Amino acid sequence: MSENSDKKLDFSAKTDPYAQREAAKYEQPIPSRELILELIEKGGRPIKRGQIAEAFALESDDQLEALRRRLRAMERDGQLLFNRRQQYCLVDSQDLIAGRILSYADGFGFLRPDDAGEDLFMSPREMRRVLHNDRAVVRVSGVDRKGRREGKIVEVLERNTKEVVGRFVKEHGLQFVQPDNKKITQNILIPKGAGNGAKKGEMVVATITEQPSLRSQPIGKIAEVLGAHMAPGMEIDVAIRTHGLPSEWPEEVLEQVKPLKKVVEEAAKQGRVDLRDVPLVTIDGEDARDFDDAVFCSKTPKGWKLLVAIADVSHYVQPGTALDLEAKNRSTSVYFPEQVIPMLPEILSNGLCSINPDEDRLTMVCEMLINEQGVVIRTRFFDAVMRSHARLTYSKVAAMLQDDHKKLKKKYTAVLPHLEEMYTLYKAMRGQREIRGAMDFDTQETQIIFGEDRKIEKIVPTQRNDAHKLIEEFMIAANSAAARYLNRKKMPRLLRIHEGPSDEKIMNLKTFLGELGLFMGGGDKPSPVDYMHLTASIKNRPDAHLIQTVLLRSMSQAVYSPEKKGHFGLALEAYTHFTSPIRRYPDLMVHRAIRHCLQGKSPESFYCGFPEIATLGEHCSTNERRADEATRDVVSWLKCEFMQDKIGETFPGVIAAVTGFGFFVELADLYVEGLVHITSLGQDFFKFDPTSHQLKGERTGKRYRLGDKVNVVVAGVNLDEKKIDFELLGLQSKKTQHPSFEPAKKSVKKDKKHKKDNKHKKMKRKDKLKAKSKTHKKGHK
């Protein structure tokens, strides 16, 4: 043992630079994370919890428990490593890397480092120890054949998969759950007696009792039997559980909202600007259930005054309450076809925070003065009480403003002048949008129409009219105004950032455009204006849709962050989300930050600092993606079910995406996508060119390019995989069902039969060799 290891560490007299922060958060503050890290670093060796407590002179039970929790949190966050000798040591960033595991269906995975560094490749062998979304510390073990850093797991920090939803399978004396989530690549073994009465083929929820290791699969027990695979609504139940979407309200939340009444209390209206006589209206879709924004516009000598009133959710949802913690946990409402998982309980989302007509509602208002050119020249925010004068829909407003619908104009005479003023203002603001170069791609959205038993009757395209665009423009203006206001006040706040395309994507895009004889300005860093100039120049080309798709795919994904990086797509230097606090937690945080400023308080005294805001941004961005993935899964399942009775039918379509293993075709009239696998394209070797988005046959020269029109036959549908298989008309195989879509059981049997046949052949060959050997020996004798 070295001399250093016997030396006692004493930090009891050391001043904690973050003591004030800790005191503001906890009744009995303990040393900050930063000071604990400094202690271990200066000690130069791993250290036990008791030694840390001794160094800081922590003695009471409460202090020791708080230290235990803090060290566990630091371990979970990858700041510390707890070794086999029960000691804490630093995670050396040069040697060990902490991050989150990302799993892929083919068995391999990646570790995404917490410090936003380059991902590490994880081999299928290493991935046996973990499941998707677990957190781990890995050591860089080398570089793979593709030049990627490869990782070896040192320790699993956090197990994040506690339950798995999937199909219950009984096969060859074993029973297991086949996960619905394809990112979970290992089956969950179910011991005898742990099946909870589940029948073969039923959808179930399994609780994991033993996490996977290098030598064993995860083991679990059936916690819930969801029912038959094809039961109506099953796809949503499965998606909720597969993606871990919170769908039940905790008891503490229900207790908190129980005293709330359906009407706004008089005391809550005091001290607010009274806008009840101002003819504010809501404009939403026909099937909208919650109304979180109302608008009003009037003419001024120099332009217009626009009011955007947003439901005051922050009045009802106070920081740190059970309601707030659950809203933060959910981060967003999730919108499935004909079903919603709200971020807030119904008494708020459809009641007190929904701006229903002729009911008093509390709001936070963004008032904007806009000049004749459509430029916002002044903004102010204030708390108000309002009363909606009409519940309008996009189709009604468009009918009045665009189609001069006499009957509707007569019905809404009281608000019509203000609607007409809004339309004039929208046109001016639209001009500014075009000047700054905000993206405006024509993307086709669809709506699923259900028949009996929640079966798809048809899928129809949705039409965007000027009423949609008008509200969108007003909401963008309010969001941008909120971002500028909070930036000016130097407040900790969540911005909605959208970075420009990467250098690699720009290079690929310019190569693709060059092959079509097109040019985009801006050099290596094209601006939104350059994008929109190109879009305008291709408007009348037959391949305009193809080019627009490639332009869209060159973009990065928008996220929540406190960093000032602007919004490339909207061509705005500052942007946030302010207008939907009913369904988005970042909007609620923005409302709280604005009210903090309105009360004359300093940025330093805001309850959430910049580090916490950054973490919250990552949390909300992750949950936003989770909601999108869950919705996509449900829609994909429904579309597969819709196509099951269409196997063998022929449809026209357009190539929507090209990959190395084939291309995806969207059916022209059904708005359903399926894969034409590369193996079904005939006797040729097809090479994938990602830059030109095409497959090209080496022998025939045949090309299949993004945007090409093709006729396809529906070859197979796989509900488990949520995939549809197409074959090109004239090239379809004799089988109606594509080989890749055979049920798992059949393929297992086929493999076993194949192995059995091979074994039998090997034995026969062995017997022959033995016979030959005997004859040979006999001859020698």
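Conventions and cut-offs
- Residues numbered from 1 in each chain as written.
- Predicted model: local features only at pLDDT ≥ 70, side-chain atom pairs only at ≥ 80, totals over all residues.
- Heavy atoms only, no water.
- Salt bridge = Lys/Arg side-chain N within 4 Å of Asp/Glu carboxyl O.
- Helix = DSSP H or I, 4+ residues; strand = E, 2+ residues; numbered from the N terminus.
- Buried < 20%, exposed > 50% of the residue type's maximum accessible area, 1.4 Å probe, protein only.
- Pairing = 2+ DSSP bridges.
- Axes fitted to C-alpha atoms, helices over the stretch in contact; angles between N-to-C directions.
- Disulfide = S-S within 2.5 Å.
- Contact = heavy atoms within 4.5 Å.
- Phe/Tyr/Trp six-rings, centres within 6.5 Å; stacked < 30°, edge-to-face > 60°.
- Lys NZ or Arg CZ within 6 Å of the ring centre and 35° of its normal.

**Here's the deal with the pattern of salt bridges**
Link 1 in the chain: Tallying each qualifying case throughout the model produces 42 salt bridges.
Link 2 in the chain: Across the salt bridge formed by Lys152 and Glu126, the nearest N and O atoms sit 3.5 Å from each other. With Lys152 in strand E7 (residues 149-158) and Glu126 in helix H6 (residues 124-127), the pair connects residues that are 26 residues apart, well separated along the chain.
Link 3 in the chain: With relative accessibility at 46%, the residue Lys152 sits in the partly exposed group.
Link 4 in the chain: The exposure class assigned to Glu126 is buried, which follows from its relative accessible area of 6%.

**A few points about unusual backbone geometry**
Link 1 in the chain: You will see that Asp404, though not glycine, has its phi angle at about 55°, which is positive.
Link 2 in the chain: Looking at the element boundaries, Asp404 is found in the loop between helix H13 (394-401) and helix H14 (406-411).
Link 3 in the chain: Here the phi dihedral of Lys490 falls at roughly 55°; this positive angle occurs in a residue that is not glycine.
Link 4 in the chain: Topologically, Lys490 is positioned in the loop between helix H16 (466-488) and strand E24 (495-497).

**Quick word on the sheet that holds strand E33 (residues 723-728)**
Link 1 in the chain: The five strands lie next to each other as E26-E27-E28-E33-E32, forming a closed barrel whose pairing is mixed. Neighbouring strand axes in the sheet, compared pairwise and without regard to direction, differ in orientation by 50° on average.
Link 2 in the chain: When strand E28 (residues 673-677) meets E33, the two strands line up parallel, connected through two bridges. Across the sheet, Val676 pairs through a bridge with Phe726, a residue of E33.

**Considering the pairing of E7**
Link 1 in the chain: Most of E7 is tucked away: seven of the 10 residues are buried.
Link 2 in the chain: When strand E6 (residues 135-143) meets E7, the two strands line up antiparallel, connected through eight bridges. Within the sheet, the bridge partner assigned to Val138 lies in E7 and is Ile153.
Link 3 in the chain: Joining the antiparallel neighbours E6 and E7 is a turn of five residues, in which Gly147 adopts a positive phi near 85°.

**Regarding the state of the cysteines**
Link 1 in the chain: With the rule as written, the count across this model stands at zero disulfides.
Link 2 in the chain: Between Cys597, a cysteine without a disulfide, and Cys366, which holds the nearest cysteine sulfur, the sulfur-to-sulfur distance is 14 Å.
Link 3 in the chain: Cys620 forms no disulfide, and the closest cysteine sulfur to it belongs to Cys608, at a distance of 10 Å.

**As for the sheet that holds strand E29 (residues 686-689)**
Link 1 in the chain: Spatial strand order, E29-E30-E31: three strands in an open sheet with antiparallel pairing. What marks the edges here is a single partner per strand, and that holds for E29 and strand E31 (703-705). Shown here is a sheet whose adjacent strand axes are inclined to one another by a mean of 15°, direction ignored.
Link 2 in the chain: Bridge count for E29 against strand E30 (residues 694-697) is four bridges, and the pairing is antiparallel. Following the sheet pairing, Phe686 is matched in E30 by Gly697.

**Regarding helix H19 (residues 544-553)**
Link 1 in the chain: Summarising burial for H19: seven of the 10 residues are buried, a large majority.
Link 2 in the chain: By the burial criterion, the buried members of H19 are Ala544, Leu546, Ile547, Gln548, Thr549, Val550 and Leu551.
Link 3 in the chain: Looking at the buried positions of H19, the neighbouring elements they touch are helix H17 (503-515), helix H18 (528-537) and E31.

**A closer look at the pairing of E30**
Link 1 in the chain: Between E29 and E30, which pair antiparallel one after the other, the connecting turn spans four residues, and His693 there sits at a positive phi close to 55°.
Link 2 in the chain: In terms of strand pairing, E30 meets E31 through three bridges, oriented antiparallel. Directly across from Gln694, in E31, lies its bridge partner Arg705.
Link 3 in the chain: Count of turn residues in the E30/E31 antiparallel hairpin: five residues, of which Gly701 carries a positive phi of about 75°.

**Side note on the packing of aromatic side chains**
Link 1 in the chain: Applying the stated criterion to the full structure yields 14 aromatic pairs.
Link 2 in the chain: Ring centres of Phe381 and Tyr485 lie 5.2 Å apart, and the angle between their planes is 50°; on these two criteria the pair is classed as tilted. With Phe381 in strand E20 (residues 376-387) and Tyr485 in helix H16, this pair connects stretches of sequence that are 104 residues apart. Neither residue differs from the other here; Phe381 and Tyr485 are each classed as buried.
Link 3 in the chain: Grouped by ring-pair contacts, the aromatic residues Tyr104, Phe108, Phe110 and Phe121 constitute a single cluster.
Link 4 in the chain: Lys299 extends its terminal NZ or CZ atom over the ring of Trp304, reaching a point 4.8 Å from the ring centre.
Link 5 in the chain: The ring of Trp249 has Arg330 sitting right over it, with the charged end atom 3.6 Å from the ring centre.

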